[in-house]
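# Overview (structure and organization)
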Amino acid sequence: MGVLLFLVSLLVVVAGGGRHAALAIGVEGTMVPSYASTSELNAYWQSVFPNRAMPSAILDHCSAPSGSERKVKESEHYWSVYSDQLTKRDAKIYHNWAHRIASEKLLYPESVFTAGSKINLYIDRAAALHSAWLHHDTANSVPMSTKNFTEIVMTFAPVSLAMARDIWSTLSSCEHPREVAGEQKACAMSVQSMHGFAASALGTSELRAFSTSLDVPEEGIGSPSNMYRVAAVRAVTAKAAANTVTCHSMSFPAALFYCHAVNPTRIYEVTLQREKEDSDVTVSKTPAVVRALAVCHVNTSAFDPTLMYWVKLGRKPGEASVCHFLTRGDVLWAPASVA
């Protein structure tokens, strides 16, 4: 740990299906990640979705810095340290705490998605928009397990203390997800894997992919003073309830999405206008108008009954839907027949 890896100039090129994946091998056998180019990703997307644009949440990772560029960008925000300064116990505690805090304030009852309603708007930050897509073959070779925490940290070294914590948190979420009955889930590290899981979970290759509007800040919206009025609500799916897949961007040195299907759902595009509060200087830093996707889970009978959401609502799991906004970095997949 913390030892600089001197790379040998061994380049293994694997050809297949007209695509090439490059892997560099370190002296200690550690893989050096190989990133996919924007042209490669565009070619794949057009091959499966002709004449349809990629969602912004996927495109954000196409233009993301990789390699040394990524490390420089990360060091601008975090104190850069070697990974052996983070114990696995500390990372695990951080993961559990962060998960609980996030779940308590990001949930809404479906009744708020009515024109004229006022809400305190919380949209989580988009995780790791500056992490780049790996080649599909490279992504498949990453050992996504907390047992391989040290190996993964060394693969992307040097990483900051914050990123090391996030790596553990993401691995833990992928390895031991807090699932509900009937939930389908997978962690995807390539566009091909994300598309493949969505097609499998929804039982069709005829899909549409969506992401929240770019007017939602990358850092999200989260403050008790962020009072917004619902200006308009548009149903994204045609049916009263439909099966969908949501892929959440996760904080990781390479692009990684936690995809899951908790169905049935109702999907809305919600336009919100900020309420004027001249006395609060922080308000001016939030967007005046926000257009965001919201996912409402209709069957909540298997949801965690200890969430404060139920106490505030005065309901029990199964008695009301649970809704949340998608971040700037999330992708929603729906069958073309209902989108």
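Note that the structure is predicted; figures quoted are calculated from it, not measured.

## As for unusual backbone geometry
With an omega of -5°, the peptide bond between alanine 157 and proline 158 qualifies as cis. Along the chain, proline 158 falls in the loop between α6 (149-155) and α7 (161-175). Proline 264 follows asparagine 263 through a cis peptide bond whose omega is 0°. With respect to the helices, strands and loops of the structure, proline 264 is situated in the loop between β9 (257-261) and β10 (265-274). Even without a glycine there, the phi angle at asparagine 51 is positive, about 65°. Checked against the element boundaries, asparagine 51 lands in the loop between α1 (38-48) and α2 (56-62).

## Overview of α7
Taking 1.5 Å of rise per residue, the 15 residues of α7 would be expected to cover 21 Å, and the 21 Å separating its terminal C-alpha atoms lies within 8% of that figure. Most of α7 sits inside the fold, with 11 of its 15 residues counted as buried. When α7 is considered as a whole, its buried residues turn out to be Met163, Ala164, Asp166, Ile167, Trp168, Ser169, Thr170, Leu171, Ser172, Ser173 and Cys174.

## Details of the sheet that holds strand β13 (residues 331-335)
Strand order in the open sheet formed by 5 strands is β5-β9-β8-β13-β6, with antiparallel pairing between adjacent strands. Each edge of the open sheet carries a strand with a single partner, namely β5 (184-188) and β6 (207-210). Adjacent strand axes in the sheet meet at a mean angle of 20°, parallel and antiparallel pairs treated alike. As paired elements, β6 and β13 share 4 bridges and run antiparallel to each other. Within β13, the residue paired with arginine 208 across the bridge is alanine 334.

## Notes on the state of the cysteines
Here the structure, examined in full by the defined rule, presents 3 disulfides. At a sulfur-sulfur separation of 2.1 Å, the disulfide partner of cysteine 247 is cysteine 259. Across the S-S bond linking cysteine 247 and cysteine 259, the dihedral sits near 115°, which makes this disulfide right-handed. With cysteine 247 in strand β8 (residues 245-249) and cysteine 259 in strand β9, this residue pair connects regions lying 12 residues apart in the sequence. Accessibility classification places cysteine 247 together with cysteine 259 in one group, the buried group. A sulfur-sulfur distance of 2.1 Å marks the disulfide that ties cysteine 296 to cysteine 323. Residues cysteine 296 and cysteine 323 are joined through a disulfide that is right-handed, its torsion about the S-S bond being 110°. One end of the pair, cysteine 296, is in strand β11 (residues 289-297); the other, cysteine 323, is in strand β12 (residues 322-325), with 27 residues separating them in the sequence. Pair check on accessibility: cysteine 296 and cysteine 323 agree, each one buried. Cysteines bonded in the protein chain are numbered consecutively along the chain; their disulfide partners then correspond to 1-2, 3-4, 5-6.

Calculation notes
- Residue numbers run consecutively from 1 along every chain, following the written order of its sequence.
- Thresholds applied to this predicted model are a pLDDT of at least 70 for local features of residues and 80 or more for the giving and counting of side-chain atom pairs; totals over whole chains, interfaces and linings are not thresholded and use all residues.
- Values reported for side chains reflect all heavy atoms of the structure, with hydrogen atoms and water molecules removed beforehand.
- Working definition: helices are DSSP H or I runs of at least four residues, strands are E runs of at least two. Numbering for both runs from the N terminus.
- The length a helix should cover is 1.5 Å for every residue beyond the first.
- Categorising residues by exposure relies on relative accessible area from a 1.4 Å probe, with only protein chains included: less than 20% of the type maximum marks a residue as buried, more than 50% marks it as exposed, and the intermediate range marks it as partly exposed.
- Strands pair, by our definition, only if DSSP identifies at least two bridges between them.
- Orientation is described by lines fitted to C-alpha atoms, with helices fitted over the stretch in contact, and by angles between N-to-C directions that extend from 0 to 180 degrees.
- Any pair of cysteine sulfurs within 2.5 Å is marked as a disulfide.

Structural measurements only, silent on function.
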